[in-house]
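Chain by chain, the residues run as shown.
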Amino acid sequence: MSKLVVLGAGESGVGAAILGKRRGYEVFVSDSSHVKDVYKQMLEAEGIRFEEGGHTAGSILAADEVVKSPGIPDDAPLIVSLRQKGIPVISEIEFAGRYSHAKMICITGSNGKTTTTSLIYHILSTAGYDVGLAGNIGSSLARQVAEGDHEWFVIELSSFQLDGMYDFRADIAVILNITPDHLDRYGYDMQRYVDAKFRILQNQHPDDAFIFWNDDPIIRKNIEMKRDNIKSKFYPFSDNPDESGLAAYLKDGRLSFTEPSAFNMEQEELALTGRHNLYDSMAAGIAANVAGIKKENIRRALSDFVGVPHRLEKVARVAGVDYINDSKATNVNSCWYALQSVRTPVVLILGGKDKGNDYSEIEQLVVQKVHGLVLLGVDNAKLHSFFDGKVPVIADARSMHEAVTLSASMASPGDTVLLSPCCASFDLFKSYEDRGDQFKAEVMALAGQK
């Protein structure tokens, strides 16, 4: 019996453990932190051995194969030791893909992944397809495969997940955009990060689809660099209608899809507004078109989709001030899109765990639109160094209550308080969801006081 070790007992790891057990592996799960009760119960119900609060190296290094949580970096000492012993270390997605016969629609990019993934899933599910939602959303791919395969999966993939994928194949691959993110994980080498994103195309066949934003300079440059290794059919999209060979484009307020089935719809019919959401809608529409969804179903689903939480989520209007939760903006480019979409004067809440950010990308928009800046983090020195003197009022906060209270004091009727942090959440919060939920709770408490 092959020995499978799973490092990390979160959604991804526990799903891989359950699938491994049901496929006849001897499974051991190891987590350096506390394992949540819900996952303990799952492991115990399956009779899977696990440990928490540390790793037993002897047990782990005796594995035939290891499934690693995406959050564990490749240069962690234990991972280095495994590779030195020649023990394969893979991702949960790679492992689950071995046991699924589904067609895979896979989405990556620096921004817009969750919205696009959710939108594609919405189109396919409302059209009656047997489809699962996986990756960074919903239940893990491995747990869903263990409990019963689907005909289709729509999967959001981070660069960390792609790093651990080797034989997995995407029938439809989407790269939305590539901007600097997670550079601390890649030795501050942008090309290493880009290469990780392009791993989504490995193993594709000539009849598979590669959907991408045609105007992204990094994507275009790397397509030229890697063209000999890209076997799939190109489906580019753009809001520049003068480009040739586009699978979707915008012209005079009308969104046109050209292949495999041609149809169009008015931009104002789209449920999602803003430039970035236009690109997400284009990518989703092309993916659904390639998957064989009828054009009337695509139109309807693009028109009635409800956006995802923590992404430009309107929370409330309090004393004439709009409060928007964009906690999922964990990089600078996401914040750029958020600032671009807001038409009123802004009080901006920034901060968290910096990932090697270059704030110059948002500098012009901050100077133009932001009159109050609240820095929410344990260490705001880098933010102060960049933004001091560029915004009339800057204050520090060490909790969400303090951040919302300070923002409310800076804002006037007609303003927008925007939580779009640019940074990871782990210095003060459990996750970006926790950060966003705390923001919403503080705003609603503020509303109750007015």
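Residues numbered from 1 in each chain as written. Predicted model: local features only at pLDDT ≥ 70, side-chain atom pairs only at ≥ 80, totals over all residues. Heavy atoms only, no water.

Looking at an unreviewed UniProt entry, one finds the protein named UDP-N-acetylmuramoylalanine--D-glutamate ligase, with Candidatus Avibacteroides avistercoris as its source organism. Quoted verbatim from the Pathway (unreviewed entry) heading of the UniProt record, the comment on the protein is "Cell wall biogenesis; peptidoglycan biosynthesis." Within the UniProt record for the protein, the comment given under Catalytic activity (unreviewed entry) is "UDP-N-acetyl-alpha-D-muramoyl-L-alanine + D-glutamate + ATP = UDP-N-acetyl-alpha-D-muramoyl-L-alanyl-D-glutamate + ADP + phosphate + H(+)". (UniProt positions renumbered as here; feature names shortened; annotations may be inferred.)

Student: Would you mind showing me how to read the nonpolar core here?
Tutor: One broad trend across soluble globular proteins is that nonpolar side chains are buried collectively. Core analysis: the biggest nonpolar cluster contains 66 residues, and Leu339, Leu348 and Ile362 have the highest contact counts within it. Setting aside residues up to four positions removed in sequence, isoleucine 362 forms contacts with Val332, Cys335, Trp336, Leu339, Phe387 and Cys422. By size, the runner-up hydrophobic cluster in this structure holds 54 residues, among which are Met42, Ala102, Phe168 and Val194. (Core = buried A, V, L, I, M, F, W, Y, C linked by side-chain atoms within 4.5 Å. Buried < 20%, exposed > 50% of the residue type's maximum accessible area, 1.4 Å probe, protein only. Contact = heavy atoms within 4.5 Å.)

Student: Which parts of the structure should I look at to understand the sheet that holds strand 4 (residues 65–68)?
Tutor: Sheets are built from strands paired through backbone hydrogen bonds, the pairs being either parallel or antiparallel. Taken in spatial order, the five strands make up an open sheet running 3-2-1-4-5, and their pairing is parallel. In this open sheet, the two strands that pair with only one neighbour each are strand 3 (49–52) and strand 5 (89–90). Sheet strands touched by helix 1 (residues 11–22): strand 1 (3–7), strand 2 (26–31) and strand 4. Its angle to strand 1, the strand with the most contacts, is close to 170°. (Pairing = 2+ DSSP bridges. Helix = DSSP H or I, 4+ residues; strand = E, 2+ residues; numbered from the N terminus. Axes fitted to C-alpha atoms, helices over the stretch in contact; angles between N-to-C directions.)

Student: Is there a simple way to think about the UniProt feature "binding site: ATP" (unreviewed entry) in the protein in this case?
Tutor: As annotated by UniProt and renumbered to match this structure, "binding site: ATP" (unreviewed entry) occupies Gly109, Ser110, Asn111, Gly112, Lys113, Thr114 and Thr115. Considering only the annotated residues already named, the ones lining the largest cavity are Asn111, Gly112 and Thr115. Summarising the element assignment, serine 110 is placed in the loop between strand 6 (103–108) and helix 6 (113–126). Not counting residues within four places of it along the chain, the set of residues in contact with serine 110 comprises Asn177, Ile178, Thr179, Asp181, Tyr193, Lys197 and Asn331. (1 Å grid on protein atoms, 1.4 Å probe; cavity = no way out; pocket = protein on both sides within 12 Å on 5 of 7 lines; lining within 4 Å.)

Student: What should I look at first to understand the UniProt feature "domain: Mur ligase C-terminal" (unreviewed entry) in the protein in this one?
Tutor: Within this numbering scheme, the UniProt entry marks residues 310–422 as carrying the feature "domain: Mur ligase C-terminal" (unreviewed entry). Between the end C-alpha atoms of residues 310–422 the distance is 13 Å, and the span holds 34% helix and 28% strand.

Student: Looking at this structure, I do not really get unusual backbone geometry. What am I missing?
Tutor: Most peptide bonds adopt trans geometry, and most residues besides glycine take a negative phi value. Of the consecutive residues glutamate 259 and proline 260, the connecting peptide bond is found in the cis state with omega at -5°. The phi angle at leucine 312 is positive, at roughly 50°, despite the residue not being glycine. Among the secondary structure elements, leucine 312 is positioned in the loop between helix 12 (295–304) and strand 15 (313–318). In this model, alanine 319 sits at a positive phi of 55°, which is unusual for a non-glycine residue.

Student: It is not clear to me how empty space enclosed by the protein should be interpreted in this structure. Could you clarify?
Tutor: A probe matching the size of a water molecule, rolled over the atoms, marks out where space remains unfilled. As enumerated under the stated definition, the model contains two cavities of 30 Å³ or more in all. Taken as a whole, the largest cavity encloses approximately 90 Å³ of empty space. Lining of the largest cavity is provided by Asn111, Gly112, Thr115, Leu176, Asn177, Trp213, His276, Asn277, Tyr279, Asp280, Arg311 and Tyr337. In terms of residues, the lining of the largest cavity owes the most to one element, helix 11 (residues 275–290), which gives four residues. Split into classes, the residues belonging to the lining of the largest cavity amount to four nonpolar, six polar and two charged. (Points joined across faces, edges and corners; volume = space filled by probe spheres on them. Nonpolar A, V, L, I, M, F, W, Y, C, P; charged D, E, K, R; others polar.)

Student: Before we go on, may I ask you to explain the layout of surface pockets in this structure?
Tutor: Reported here for the second largest pocket is a volume of approximately 520 Å³. The set of elements that each furnish at least two residues to the lining of the second largest pocket consists of helix 11, strand 15 and strand 16 (321–325). Counted by class, the lining of the second largest pocket contains eleven nonpolar, nine polar and four charged residues.

Student: Looking at this model, I keep getting lost on the pattern of salt bridges. Mind explaining?
Tutor: When the charged atoms of two side chains with opposite charge come close together, those side chains can pair. A complete count under the given rule lists 20 salt bridges for this structure. The shortest N-O distance in the salt bridge between arginine 254 and glutamate 266 comes to 2.9 Å. Of this pair, arginine 254 sits in strand 13 (residues 254–257) while glutamate 266 sits in strand 14 (residues 263–266); the two residues are twelve residues apart in sequence, bridging distant segments of the chain. Given a relative accessible area of 25%, glutamate 266 falls into the partly exposed group. (Salt bridge = Lys/Arg side-chain N within 4 Å of Asp/Glu carboxyl O.)

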